[in-house]
Amino acid sequence: MVYLAENIARVRERMAAAARRSGRSVDEVTLVAVTKTVAVEVIKEAVALGLEDLGENRVQELLAKQPYIEGARWHLIGHLQRNKVRQVWDKVELIHSVDSLALARELDKRAVSGGRRIKVLIEVNVAGEASKFGLAPEAVPSFIKEASGFTGLNIMGLMTVAPLTEDPEEVRPVFRRLAALRREVEALHLPGVDMRYLSMGMSNDFEVAIEEGSNLVRIGTAIFGART
Ligand SMILES: *Cc1c(COP(=O)(O)O)cnc(C)c1O
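About the cut-offs
- Residues numbered from 1 in each chain as written.
- Predicted model: local features only at pLDDT ≥ 70, side-chain atom pairs only at ≥ 80, totals over all residues.
- Heavy atoms only, no water.
- UniProt positions renumbered as here; feature names shortened; annotations may be inferred.
- Near = heavy atom within 4 Å.
- Polar contact = N/O pair within 3.5 Å; in protein donor to acceptor, adjacent residues only side chain to side chain.
- Areas by Shrake-Rupley, 256 points an atom, 1.4 Å probe, with all protein chains shown as cover.
- Nonpolar A, V, L, I, M, F, W, Y, C, P; charged D, E, K, R; others polar.
- Helix = DSSP H or I, 4+ residues; strand = E, 2+ residues; numbered from the N terminus.
- Buried < 20%, exposed > 50% of the residue type's maximum accessible area, 1.4 Å probe, protein only.
- Core = buried A, V, L, I, M, F, W, Y, C linked by side-chain atoms within 4.5 Å.
- Contact = heavy atoms within 4.5 Å.
- Arc of directions from axis to C-beta.
- Pairing = 2+ DSSP bridges.
- Right-handed = clockwise from strand over helix to strand, strands pointing away.

An unreviewed UniProt entry annotates the protein as Pyridoxal phosphate homeostasis protein of Neomoorella humiferrea. The heading Sequence similarities (unreviewed entry) in the UniProt record of the protein holds the text "Belongs to the pyridoxal phosphate-binding protein YggS/PROSC family."

Rendered as structure tokens:
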């Protein structure tokens, strides 16, 4: 699958150029390859080509593929229903999409009874789109204050999905806002909260996201081609 190697190389080059423009090294930016709808054989090839972090937005699909793929860390990047927590909490490296206190509480319960911590990001609906999950930006500091009391969770940063636009420049303010919000929460110095990750940027906007401070990009189409 020559196209795959080429696509990955091209994405990495573009990531590196964007990181340089933001005065950083690309080593500080983790690439999560989004494998939704991608066949297991293709995912195996991608892992063999060095992609070690894989993202799925649906629990069922993640669990169905995981047994066939070795040597990868899995990220849950889509909305998580409370009744699916039990199936997935200990199968993933990082959950990017905590968007309610009820979900945080459920994850905490599982973690505490399982005797380990779950790493999570808080999803923020920066642009206030009705079709998207995530907290309103204004609600984030108090939410994290409250969730920091959950000893089963490691809160490790923020995630957003920017509005889909023709011109990624249009969503630069969205990424800038999330970066500012991270600094705001960091300044609270909450015990047990480590705001190291900013998960933002997808195929059509990852360069702008990296320029604005993203260190975790979630890329599907630019690696695997258009989903059918
Ligand atoms: C599908 C998806 C992505 C990747 O989108 P592409 O445009 O294919 O790169 C990133 N993040 C989330 C939450 C997704 O659901």
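(A) Spatial organisation of the site of the ligand. Close to the ligand lie Val34, Lys36, Asn57, Ile77, Val161, Met202, Ser203, Arg218, Ile219, Gly220, Thr221 and Arg227, which account for all nearby residues. Here Ser203 contributes a side-chain N or O atom positioned 2.5 Å from an oxygen atom of the ligand. Arg227 has a polar side-chain atom sitting 2.8 Å from an oxygen atom of the ligand. Compared with its free state, where it exposes 390 Å², the ligand has 89% of that area covered by protein. Of the residues assigned to the shell around the ligand, the class counts are 5 nonpolar, 4 polar and 3 charged.

(B) Highlighting unusual backbone geometry. Positive phi, close to 70°, is recorded for Thr37, a residue that is not glycine. Its location among the elements puts Thr37 in the loop between strand S1 (30-34) and helix H2 (40-48). Of the residues examined, Thr37 reaches a relative accessible area of 52% and is grouped as exposed. Its identity as a non-glycine residue notwithstanding, His189 has a phi of 45°, on the positive side. Tracing the chain through its elements places His189 in the loop between helix H7 (172-186) and strand S7 (193-199).

(C) Local environment of the nonpolar core. With 69 residues, the main nonpolar core has Leu80, Ile95, Val98, Leu107, Ile144, Leu158 and Ile223 as its most contacted residues. If we skip the residues at most four places from it in the chain, Ile144 touches Ile122, Ile155, Leu158, Val185, Leu190, Val193 and Met195. Leu94, Leu121, Met159 and Leu216 belong to the second largest nonpolar core, which has 6 residues in total.

(D) Molecular detail of helix H6 (residues 140-147). Those residues of H6 that fall on the buried side of the exposure criterion are Val140, Pro141, Phe143, Ile144 and Ala147. Viewed end-on, H6 has its buried residues packed into an arc of 160°, placing them on one side of the element. Lining the buried residues of H6 we find strand S4 (94-98), helix H5 (101-114), strand S5 (118-123), strand S6 (153-159), H7 and S7.

(E) Main features of the pairing of S7. Note: S6 against S7, 4 bridges, orientation parallel. Across the sheet, Ile155 pairs through a bridge with Val193, a residue of S7. For the segment spanning S6, H7 and S7, crossover handedness is right-handed.

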